[in-house]
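So you can see what is in the structure, the chains are spelled out below.
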Amino acid sequence: MQRLTAFLLGMCFLAGGLNVAVAQEMSEGAMPPPKVLVLFREYVKPGKSGSAHERSESNFVQAMADAKWPTHYLALTSMSGRPRALFLTPYDSFDAWEKDNLATMKNKTLSDAMDKAMMTDGDLLSDADQTVATYSEELSLRPNVDLPHMRYFEISLFHVKPGRRAEWADIVKRVKVAYDKIPDAHWATYEVAYGQQEGTTYIVFSALKSASEIDHEFAEDKDFVAAMGEDGMKKLAELEASAMEPGARNLFAFSPSMSYISEDWIKADPDFWKPAAPAATPKKSAKKPAN
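Rules used in this analysis
- Residues numbered from 1 in each chain as written.
- Predicted model: local features only at pLDDT ≥ 70, side-chain atom pairs only at ≥ 80, totals over all residues.
- Heavy atoms only, no water.
- Helix = DSSP H or I, 4+ residues; strand = E, 2+ residues; numbered from the N terminus.
- Buried < 20%, exposed > 50% of the residue type's maximum accessible area, 1.4 Å probe, protein only.
- Contact = heavy atoms within 4.5 Å.
- Areas by Shrake-Rupley, 256 points an atom, 1.4 Å probe, with all protein chains shown as cover.
- Pairing = 2+ DSSP bridges.
- Axes fitted to C-alpha atoms, helices over the stretch in contact; angles between N-to-C directions.

**Notes on the overall build of the chain**
(1) Moving on: Of regular secondary structure, the chain possesses 9 helices and 8 strands.
(2) Moving on: Across the 291 residues of the chain, 45% fall into the buried class.
(3) Moving on: The contacts of the chain with a sequence gap of at least 6 include a subset with a gap of at least 24, amounting to 85%.
(4) Moving on: As displayed, the chain has an accessible area near 15,800 Å², and 54% of this comes from carbon and sulfur atoms.

Structure, rendered in structure tokens:
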């Protein structure tokens, strides 16, 4: 694969899920990104991830289910970087977020159950934080995807230098024009409103249905370079150098057991979101010894 700068390589990977994006946008299951996204991040202590964390998180899921709470969230676990989990809660507005928080506090049964679950979960964590971000339609490309049938998110962080938002907008515009010629490409971009380091930060989500699509992304690099052209790639590198701070890109897997999702999601793909419990192996009756 042609080696580009770290930023350009990251932008090439924004088109995650190349094989399925067009079909998803045309399907009934395709959904637009929420306007406000609350991301709660938990860093798990060494040896405390996996089933131990899943059991702990099931307490939150059970509390929400018992309350028949209308707000849902999607849980992700890291497949790169430090062991951590992300919990994504969508809202239509900041007002909707506030109303959900106030309603939770007023529901004593739910709030008590959540507090108890937090105490148990806290023993497994080394750190936690929360970020709030707003959706940017102009910085996204074909963002509507059939999330219940997805399995991974590639999540990229882009930090813009102070006073360089115009260059960042130019970068994204050029990249979108190039990827518009690759009809399978798609991503959703969020601008951080609260909770990240100082400056302007963007979070880019790209959904994948399977890990094989990552292999396809590498193969698509040449199409992106061809669409940009030599002069376009040179200009893009110049803009990147002047406008961007070091960022990051990581892969996360959807976690059904730690997610509190709607019945519509479960019905869309029940084998993944709510798999049937394995049948119990019947016990063999002990035979009495012959006299």
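Now that the structure has been shown, the text picks up again.
**Things to note about the sheet that holds strand β8 (residues 244–254)**
(1) Moving on: Read around the closed barrel, the 8 strands follow the order β1-β3-β2-β8-β5-β7-β6-β4; overall the barrel is antiparallel. Direction aside, neighbouring strands of the sheet carry axes that sit 35° apart on average.
(2) Moving on: For strand β4 (residues 125–141) and strand β6 (residues 187–194), the ladder comprises 6 bridges, and the chain directions are antiparallel. Looking at β6, one finds that Leu141 is bridged to Trp187.
(3) Moving on: Contacts between helix α4 (residues 94–106) and the sheet are confined to β1 (36–44), β3 (84–91), β4 and β6, with β4 contributing the most and set at about 150° to the helix.
(4) Moving on: Its contacts with the sheet put helix α6 (residues 165–179) on β4, β5 (152–160), β6, β7 (200–208) and β8, and the angle it makes with β4 is roughly 65°.

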